[in-house]
Amino acid sequence: MAGHPPGHGEGGGPTVTSPATFAPGPVRGPKPPEGAPARSRARDIDGFRGLAALSTVVFHVWQQYFRYDAHGSHPPVGNRFLGAVFSFEVIDLFFVLSAYLLTLSYARAAIDGRSTRPARLFLFRRAIRILPLYVLAVLVVWASRNPTLPGDWQDLVEHLTFTHVFDGQRIFYTLGPTWSLSLEVLFYGVLIALGPLAVRACRPLRRRGARIAVCAAGCGVLFAVPIGWIAVAHYGVGVPSTDWAVYFGPQARFGGFAAGMGLAVLTVALGGRGRLTARAALPVCALALAGLYALSLVSAPENVAFTFYHPLASALWFVLLFGTLHIRRHTVWNRVLTGRWLAAAGLVSYSLFIWHEPVMVQLHDAGLLPAGQAGFPLAVVLVVLAALPVAAVSYWLIEYPASLLGRLKDTNGRPREFYPEALPR
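Just so it is clear, the structure is predicted and the values come from calculations on it, not from any experiment.

Rules behind the numbers
Residues numbered from 1 in each chain as written. Predicted model: local features only at pLDDT ≥ 70, side-chain atom pairs only at ≥ 80, totals over all residues. Heavy atoms only, no water. Helix = DSSP H or I, 4+ residues; strand = E, 2+ residues; numbered from the N terminus. Buried < 20%, exposed > 50% of the residue type's maximum accessible area, 1.4 Å probe, protein only. Contact = heavy atoms within 4.5 Å. Areas by Shrake-Rupley, 256 points an atom, 1.4 Å probe, with all protein chains shown as cover. Patch = residues over 30% accessible without salt bridge, like charges linked within 9 Å, V, L, I, M, F, W, Y side chains within 5 Å. Salt bridge = Lys/Arg side-chain N within 4 Å of Asp/Glu carboxyl O. Phe/Tyr/Trp six-rings, centres within 6.5 Å; stacked < 30°, edge-to-face > 60°. Lys NZ or Arg CZ within 6 Å of the ring centre and 35° of its normal. Arc of directions from axis to C-beta. pLDDT = per-residue confidence, 0-100. Core = buried A, V, L, I, M, F, W, Y, C linked by side-chain atoms within 4.5 Å. Domains from an automatic or database assignment. Axes fitted to C-alpha atoms, helices over the stretch in contact; angles between N-to-C directions. Parallel < 35°, antiparallel > 145°, perpendicular 65-115°, else oblique. Nonpolar A, V, L, I, M, F, W, Y, C, P; charged D, E, K, R; others polar.

1. What about the overall build of the chain?
Secondary structure summary: the chain contains 17 helices and 4 strands in total. The buried share of the chain, reckoned over its 425 residues, is 52%. In the chain, of all internal contacts separated by at least 6 residues, the share reaching a separation of at least 24 is 77%. Entry remark: accessible area of the chain is about 18,900 Å², with carbon and sulfur atoms responsible for 67%.

2. Focus: the environment of Phe-95
Counting through the fold element by element, Phe-95 comes out in helix α3 (residues 91–112). Residue classification places Phe-95 among the buried positions, given a relative accessible area of 1%. In this structure the C-alpha to C-alpha distance between Phe-95 and Leu-183, which are 88 residues apart in sequence, comes to 8.7 Å. Ignoring any residue separated from it by four or fewer positions in sequence, one finds Phe-95 in contact with Trp-179, Ser-180, Leu-183, Glu-184, Arg-253, Gly-256 and Phe-257.

3. Structural notes on a nonpolar patch on the surface
On the surface, Leu-282, Val-332 and Val-336 cluster together into a nonpolar patch covering about 230 Å² of accessible area. Assignment of secondary structure puts Val-332 in helix α14 (residues 332–337). When its relative accessible area of 49% is taken as the criterion, Val-332 is described as partly exposed.

4. Quick notes on the packing of aromatic side chains
Scanning all chains against the criterion turns up 25 aromatic pairs. Seen from their ring centres, Trp-62 and Phe-86 are 6.3 Å apart, and the 20° between their planes marks the pair as stacked. Remark: Phe-86 occurs in helix α2 (residues 80–86) and Trp-62 occurs in helix α1 (residues 39–64); sequence separation between them is 24 residues. With a relative accessible area of 4%, Trp-62 lands in the buried category. On the basis of relative accessibility, which here comes to 23%, the residue Phe-86 falls in the partly exposed class. Taking the centre distance of 5.5 Å and the plane angle of 40° together, the rings of Phe-66 and Tyr-68 count as tilted. Through a chain of ring-to-ring contacts, three or more aromatic side chains come together here, namely Phe-95, Phe-122, Phe-172, Trp-179, Phe-187, Tyr-188, Trp-244, Phe-248, Phe-254 and Phe-257. Over the ring of Phe-81 we find Arg-80, and its NZ or CZ is 5.2 Å from the ring centre. Lying over the aromatic face of Phe-248, Arg-253 brings its terminal NZ or CZ to 4.3 Å of the ring centre.

5. Examining helix α5 (residues 153–160)
Listing the buried residues of α5 in full gives Asp-155, Leu-156, Glu-158 and His-159. Around the axis of α5, the buried residues are gathered within 165° of arc, so they sit on the same side. Buried-residue contacts for α5 involve α4 (119–145). Directly after α5, the chain includes Phe-162, whose backbone phi takes a positive value near 60°.

6. Thoughts on the confidence of the model for the chain
On average, residues of the chain score 88 in pLDDT, and 88% of them reach the 70 mark or higher. Confidence over residues 1–10 falls short of pLDDT 50; this stretch has 48 contacts with residues more than four positions distant or in other chains. With pLDDT under 50 throughout, residues 18–36 is counted as low confidence; its partners more than four residues away or in other chains account for 43 contacts.

7. A closer look at the side chain of Thr-324
When you line up the elements, Thr-324 lands in helix α13 (residues 309–325). Of the residues examined, Thr-324 reaches a relative accessible area of 0% and is grouped as buried. Setting aside residues no more than four positions away along its own chain, Thr-324 makes contact with Asp-44, Phe-48, Cys-285, Trp-333, Asn-334 and Leu-337.

8. Points about the nonpolar core
Grouped together as the largest cluster of nonpolar side chains are 84 residues, with contacts concentrated most on Trp-179, Phe-187, Trp-317 and Ile-354. Top contributing element to this core by residue count: α3, with 16 residues. Split by domain, this core shows at least three residues from each of two domains, domain 1 (45–88 + 341–407) and domain 2 (94–329). The residues touching Phe-187, leaving out its near neighbours within four places in the chain, are Ala-99, Leu-102, Thr-103, Phe-254, Phe-257 and Met-261. Val-57, Leu-369, Val-380 and Tyr-395 belong to the second-largest nonpolar core, a separate cluster that totals 24 residues.

9. Some points on the pattern of salt bridges
Evaluation of the coordinates by the stated rule reveals 5 salt bridges. Note that Arg-170 is salt-bridged to Asp-167, the shortest N-O span being 3.2 Å. Each member of the pair, Arg-170 together with Asp-167, is buried. The network of salt bridges with common partners includes Asp-152, Asp-167 and Arg-170.

10. Some points on the side chain of Asp-167
Assignment of secondary structure puts Asp-167 in the loop between α5 and α6 (179–202). Not counting chain neighbours up to four residues away, the residues in contact with Asp-167 comprise Gln-154 and Glu-158.

11. Brief notes about the packing of α4 against helix α16 (residues 349–365)
Contact geometry for α4 and α16: axes closest at 10 Å, N-to-C directions at 10°. On the basis of the axis angle, α4 is roughly parallel to α16. Of the residues in α16, those touching α4 at Arg-129, Ile-130, Leu-133, Tyr-134, Ala-137, Val-141 and Arg-145 are Tyr-350, Ser-351, Ile-354, Trp-355, Pro-358 and Val-361. Its residues assigned to classes, the contact of α4 with α16 comprises 10 nonpolar, 1 polar and 2 charged.

See below:
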């Protein structure tokens, strides 16, 4: 973990639904994942990933340079308006984006009667996307920090089983930001359980509006439950915000996934209708970004903005994604997101998320990062410049080859026959 969290908690990681998840077909080449948006919109999503991944690196360097003493906490940048930019959290964007992409196929099946692919295929593709890099990184980092056996074996087991999010002591051990992957994996289980239930519940309903209402109501309940949990924990029981297992677990953080599921339902419900013009889309996006910045600015330990930061941020990310994706034509904002440098960062965002903290720690331990809080800006540059090449190598040596395992299954989730018997003449 890169220092004690000064803000709303450890930064998260990029959604793991990326171009590398595409499962190649037998001849035609890569196909998008279930429910993936059109390629023109996928480029915008790549841009979001790039921005979010780079923002996560900056956030963790910010944490590394935070200082505490008898007089309280001291951020590395004294100007609170500038500090609100550096301390800006994007974890909820990752959750909203992931849930949106993965729920689209279920929303289309429930509302429009389309088919869904088997759960075994969904889980197989998720596994080959997440596990190879994650398991390797956990083993490498854990071994480097536990040079003598048995070491902290409980930490290793919890990370390999994605249960460290429930351990208030070890939640940020080994790979601090990967607590968010625990929630991601739990969401997969929830989705393959609730998705088919929603499809079956909507099947008898004749009116499309009724089917939309059922799906939207379900998303609303899932969004409200974490708000109730947080309110009871904070105001009813008085649990401090430093009780990580209480405020970082799925019971408190599922609102981001619920917001993404709601966005998928809204997108399917509207179809091609209601697309925003550039004149309408830009103000919507600007207001959402302003709201996110204001939330970061006014949030202070134990105030209302701090306590409900993540549900509020999830709602604002919902608005921003809608204003970015459900449009008639690209705006200036879309052109920023689809820039080449952001697309490149988005491509390696998962590897950047996994490796940036170990890279930062190694640079710090080697004395290669500037000392003192005045060195924070230079430290950001150094960590980014060091982590990006590592992420690129990791992507091409680990992520991309692992993605080719998608060829092993056909569209029905069965083992693919690579050498079919010759047809009789």
